[in-house]
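Understanding the architecture of this molecule
As a plain string of letters, each chain reads:
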Amino acid sequence: MVKIGVLISGGGTNLQAIIDGCKNKSINGEVKVVISNKAEAYGLERAKKNNIKAICEKEEDRIIEILKENEVELVILAGYLKIVSPKLVDAYRNKIINIHPSLIPAFCGKGYYGEKVHQGVIDYGAKVTGATVHFVDEGADTGPIIMQKTVEVKRDDDAKKLAARVLEVEHEILTKSISMFCENKITVQGRRVYIND
């Protein structure tokens, strides 16, 4: 069973999807610790309700220590609104997974987070958007892509409506990617990620 650490900044709906996946055994893992850089993040409450260690910590050296103390083997950024340092990336090379609410490399990188992503998609007139699960490297949303799924942009969409539909896809492909990682089905070669049966 893979020991998982989740980093969050907000409500933690993706965190809840991971917790549920571990409980129903679709993910062969266990969330050992949830760390938020914001004390008011509701995700910390979700963790506590599920008897998971919940810690507010902004200092990245300390975050690495906490992950190591809890023997974390896989780190998930689930709505963690902070670029992680090369030090953290180095400590968990190809073992940090992030979810982004667009089809990378579109509408990603610096300044593209939360509803700004969906507003950007609508303003640009894109016909499809979606979500991307990727490994984290030293850049912003630049790591090797594990999985993507598309979502149609509808004529009457605003950022909120679009975000809600993309979020459903996020939950689906994030839990699936984590499950495949835990089953040792993912191989990374350079920028390419291969899924093994």
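Conventions and cut-offs
- Once a new chain begins, its residue numbering starts again from 1 and follows that chain's sequence as written.
- Thresholds applied to this predicted model are a pLDDT of at least 70 for local features of residues and 80 or more for the giving and counting of side-chain atom pairs; totals over whole chains, interfaces and linings are not thresholded and use all residues.
- Hydrogens and water are ignored here; the side-chain numbers use all heavy atoms of the structure.
- UniProt positions are given in the numbering used here, feature names are shortened, and annotations may be inferred rather than shown by experiment.
- Numbering of helices and strands runs from the N terminus, with a helix taken as a DSSP run of H or I at least four residues long and a strand as a DSSP run of E at least two residues long.
- Pairs of residues are marked as contacts when any of their non-hydrogen atoms sit within 4.5 Å.
- Two N or O atoms form a polar contact when they lie within 3.5 Å of each other; inside protein one atom must be a possible hydrogen donor and the other a possible acceptor, and for residues adjacent in sequence the pair counts only when both atoms belong to side chains.
- Note on terminology: a nonpolar core comprises buried Ala, Val, Leu, Ile, Met, Phe, Trp, Tyr and Cys residues joined through side-chain atoms within 4.5 Å.
- Summary of the burial criterion: residues with accessible area below 20% of their type's maximum are buried, those above 50% are exposed, and those between are partly exposed, where the area comes from a 1.4 Å probe applied to protein chains only.
- We define a salt bridge as a contact between a side-chain nitrogen of Lys or Arg and a carboxyl oxygen of Asp or Glu at a distance within 4 Å.

- Per an unreviewed UniProt entry, the protein chain goes by the name Phosphoribosylglycinamide formyltransferase and belongs to Terrisporobacter othiniensis.
- The UniProt entry for the protein chain carries the following comment under Pathway (unreviewed entry): "Purine metabolism; IMP biosynthesis via de novo pathway; N(2)-formyl-N(1)-(5-phospho-D-ribosyl)glycinamide from N(1)-(5-phospho-D-ribosyl)glycinamide (10-formyl THF route): step 1/1."
- The Sequence similarities (unreviewed entry) comment attached to the protein chain in UniProt states, word for word, "Belongs to the GART family."

1. With respect to the UniProt feature "binding site: (6R)-10-formyltetrahydrofolate" (unreviewed entry) in the protein chain
- If you check UniProt for "binding site: (6R)-10-formyltetrahydrofolate" (unreviewed entry), the listed places come out as Lys-58, Leu-81, Lys-82, Ile-83, Val-84 and Asn-98 in our numbering.
- With respect to the element layout, Lys-82 can be found in the loop between strand E4 (74–77) and helix H4 (86–91).
- The contacts of Lys-82, once residues within four sequence positions are left out, are Asn-37 and Lys-58.
- In terms of polar contacts, Lys-82 uses its side chain to reach the backbone carbonyl oxygen of Lys-58, at 2.8 Å.
- With respect to the helices and strands, Val-84 occurs in the loop between E4 and H4.
- In contact with Val-84, other than residues within four places in its own chain, are Glu-60, Leu-77, Val-89 and Val-136.

2. Observations concerning the nonpolar core
- The biggest cluster of nonpolar side chains holds 42 residues, and the ones touching the most others in it are Ile-4, Val-6, Ile-18, Val-34, Ile-76, Ile-97 and Ile-178.
- Among the elements that take part in this core, helix H6 (residues 159–182) stands out by supplying nine residues, more than any other.
- Every residue in contact with Ile-76, bar those within four places of it in the chain, is listed here: Ile-4, Gly-5, Val-6, Leu-7, Ile-18, Ile-97, Leu-174 and Ile-178.
- Ranked by size, the runner-up nonpolar core spans 17 residues in total, among them Ile-63, Ile-64, Leu-88 and Val-89.

3. Quick word on helix H1 (residues 13–23)
- Judged by how many residues are buried, H1 sits mostly within the fold: eight of eleven residues are covered.
- Turning to H1, its buried residues number three or more, namely Asn-14, Leu-15, Gln-16, Ala-17, Ile-18, Ile-19, Gly-21 and Cys-22.
- Where H1 is buried, its residues meet strand E1 (2–8), strand E2 (29–36), helix H2 (42–49), E4, strand E5 (96–100) and H6.
- Downstream of H1 by a residue or two, Lys-25 has a phi angle that is positive, lying close to 70°.

4. Quick word on the pattern of salt bridges
- Inspection of the entire model under this criterion finds twelve salt bridges.
- Its salt-bridge partner being Arg-93, residue Glu-138 comes within 2.7 Å of it at the nearest N-O pair. Separated by 45 residues along the polypeptide, Glu-138 in the loop between strand E6 (128–135) and strand E7 (145–152) and Arg-93 in the loop between H4 and E5 bring together distant segments of the chain.
- You can call Glu-138 partly exposed: its relative accessible area is 40%.
- For Arg-93, a relative accessible area of 39% gives the class partly exposed.
- Lys-149 serves as the salt-bridge partner of Glu-172, at 2.9 Å between the closest nitrogen and oxygen. Linking Glu-172 in helix H6 with Lys-149 in strand E7, this pair joins segments that are 23 residues apart in sequence.
- Residue Glu-172 is classed as partly exposed on the basis of its relative accessible area, which comes to 36%.
- In the salt-bridge network here, residues are joined through shared partners; they are Arg-62, Glu-65 and Glu-69.

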